[in-house]
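Examining the three-dimensional arrangement
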Amino acid sequence: MSKLRDFVLKLLVAAIVLIGHYLADENKQPNSPLSTSLRQQVVAAETSLQSEGVEFSRQRSALHILPKDVRLPSYQVNDMLRGVDGKHNPVVYYYHDNLQRMVYSMSASDIDDTHHLVNNFLEGYKPFDVDNVALPLYVLAQRKSYLLDEKQYFGKADVWQSSRQAYYYPRGDCEDHAILLADWLIAMGEDARVALGDVDGQGHAWVVLFKDGKEYLLEATQKRGLSRNKPYPLASLHPNYHPEFMFNRQFFWANSGSKYTTRYSGNHWEQRSRVQAL
């Protein structure tokens, strides 16, 4: 009995030591908790949203199809969107003429099953001022957890949060993270866009930042390996990201070349439409 007791005690001690090492390793992760001042700003922004509300109403927008010089007035855009309300997948819109069939825009469903142009999910929201382009992703990693839409929205395949909602709600998937991150960076005066495509064959959304003549790829769902002072990686280092479309608050771009490109500018990226908010 005594030998068995000693053996059990040794196992318990070994388990405690292993747990201690694990916790120590966890504490060494570069994602340290938010500083007190930063945490106060995060909470203040959430409190402000609680008082303002985060309901996302249909915006009145006209749409200019750029290559064809065709303008769709707001009532026509709204009719177009109402025709796909209730669909839980993004909808791609094509312009047809005798010569070609061309993608010019996309819409997606919000939490209330209402479709909006993808540009309008970027509401012009900035939680608070920061002076470092690395901070929005750092805050996002600490604040928001990743959860597939079908698990959060009772089996619905693809539901998008606006930038305000993406900050307010604690869970979301890739496009929710990307929309908040891109809109925050745009509010800082940066040229940031949401990219849509696939990563190793799986549909995905991420952010591209154009700064000082370089293109950076921001994985908005990244939760580890971040710090306030760590530079963003160059887009050219991520060949497994295959972009098909990009958008910001105003413009929608389509990749007319190979999806295996690591360049997010050039002749293969064509501006297809411009949103005019009314």
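Every chain is numbered on its own, with residues counted from 1 as its sequence reads. Local features in a predicted model are, by the rule used here, given only for residues with pLDDT of at least 70; side-chain atom pairs are given and counted only at 80 or more, and totals for whole chains, interfaces and linings are based on all residues. Calculation of side-chain values draws on the structure's entire complement of heavy atoms; hydrogens and water are dropped beforehand.

Read across the open sheet, the three strands follow the order S3-S4-S5; overall the sheet is antiparallel. Each of the sheet's edge strands pairs with one partner strand only, and the pair in question is strand S3 (91-96) and strand S5 (115-117). Between one strand axis and the next, the sheet turns through 40° on average, direction left out of account. A pair of strands is treated as paired once DSSP finds two or more bridges between them. Every helix listed is a DSSP run of H or I at least four residues long, and every strand listed is a run of E at least two residues long, numbered separately from the N terminus. Sheet analysis places strand S4 (residues 101-109) next to S5, joined by three bridges and oriented antiparallel. In the strand pairing of S5, Ala108 is matched with His116. Against the sheet, helix H3 (residues 74-82) makes contact with S3, S4 and S5, and its axis sits at roughly 135° relative to S5, the strand it touches most. Orientation is described by axes fitted as lines to C-alpha atoms, over the contacting stretch for helices, and by angles from 0 to 180 degrees between their N-to-C directions. In this description, contact between two residues means that some pair of their heavy atoms is separated by no more than 4.5 Å.

Attention shifts here to the environment of Gly86. If you trace the backbone, Gly86 turns up in the loop between H3 and S3. With 22 residues separating them along the chain, Gly86 and Ala108 place their C-alpha atoms 9.9 Å apart.

Reading across the sheet, the eight strands line up as S2-S1-S13-S12-S11-S8-S9-S10 and stay open at both edges, with antiparallel pairing between neighbours. Strand pairing shows two members of the sheet lacking a second neighbour, strand S2 (70-72) and strand S10 (214-218), which therefore form its edges. Across the sheet, the mean angle from the axis of one strand to that of its neighbour is 30°, orientation sign disregarded. Taken together, the five bridges between strand S12 (residues 251-255) and strand S13 (residues 269-277) define a ladder with antiparallel strand orientation. Each bridged residue has a counterpart across the sheet, and for Phe252 the counterpart in S13 is Ser273. In the packing of H3 onto the sheet, the strands contacted are strand S1 (61-65) and S2, and the crossing angle to S1 comes to about 95°. Where helix H7 (residues 174-187) meets the sheet, it contacts strand S8 (191-199), strand S9 (202-211) and S10, and its direction lies at approximately 10° from that of S9.

What follows deals with the side chain of Gln161. Mapped onto the elements of the fold, Gln161 is located in the loop between helix H5 (149-152) and helix H6 (163-168). Side chain to side chain, Gln161 and Lys144 meet in a polar contact 3.0 Å long. Within the structure, the side chain of Gln161 is placed 3.1 Å from the side chain of Tyr153, a separation counted as a polar contact. Aside from chain neighbours lying at most four places away, what touches Gln161 is Ile111, Phe121, Lys144, Gln152, Tyr153, Ala166, Tyr169, Arg171, Gly172, Asp176 and Ile179. Identification of polar contacts relies on pairs of N or O atoms within 3.5 Å, with a donor-acceptor requirement for protein atoms, meaning one able to donate a hydrogen and the other able to accept it, and with residues adjacent in sequence counted only if both atoms are side-chain atoms.

Position of Ser162 relative to the elements: it lies in the loop between H5 and H6. Exposure is judged per residue with a 1.4 Å probe applied to protein chains only, and the accessible area is read against the type maximum: over 50% gives exposed, under 20% gives buried, and values in between give partly exposed. Ser162 gets classed as buried once you look at its relative accessible area, which sits at 0%. Not counting residues within four places of it along the chain, the set of residues in contact with Ser162 comprises Phe56, Phe121, Glu123 and Ile179.

This part takes up the pattern of salt bridges. Basic side-chain nitrogens of Lys or Arg form a salt bridge, by our definition, when they fall within 4 Å of a carboxyl oxygen of Asp or Glu. By the definition in use, this model includes 13 salt bridges. The partner of Arg143 in a salt bridge is Glu46, with the nearest N and O atoms 3.6 Å apart. Of the two residues, Arg143 is situated in helix H4 (residues 135-143) and Glu46 in helix H2 (residues 36-52); the sequence distance between them amounts to 97 residues. When the shortest N-O distance is used, the salt bridge between Lys259 and Asp198 registers 3.3 Å. Here Asp198 lies in strand S8 and Lys259 lies in the loop between S12 and S13, a separation of 61 residues in the sequence. Connected through salt bridges with shared partners, the residues Glu52, Glu123 and Arg164 form a single ionic network.

Turning our attention to the packing of aromatic side chains. Here a Phe, Tyr or Trp ring, Trp counted by its six-membered ring, pairs with any other such ring whose centre lies within 6.5 Å, and the pair is stacked when the planes are under 30 degrees apart, edge-to-face when over 60, and tilted otherwise. All told, the structure shown has 11 aromatic pairs when counted by the stated rule. Taking the centre distance of 6.3 Å and the plane angle of 40° together, the rings of Tyr93 and Tyr104 count as tilted. Taken together, the residues span a long stretch of sequence, with Tyr93 in strand S3 and Tyr104 in strand S4 at a distance of 11 residues. Given the relative accessible area of 8%, Tyr93 is considered buried.

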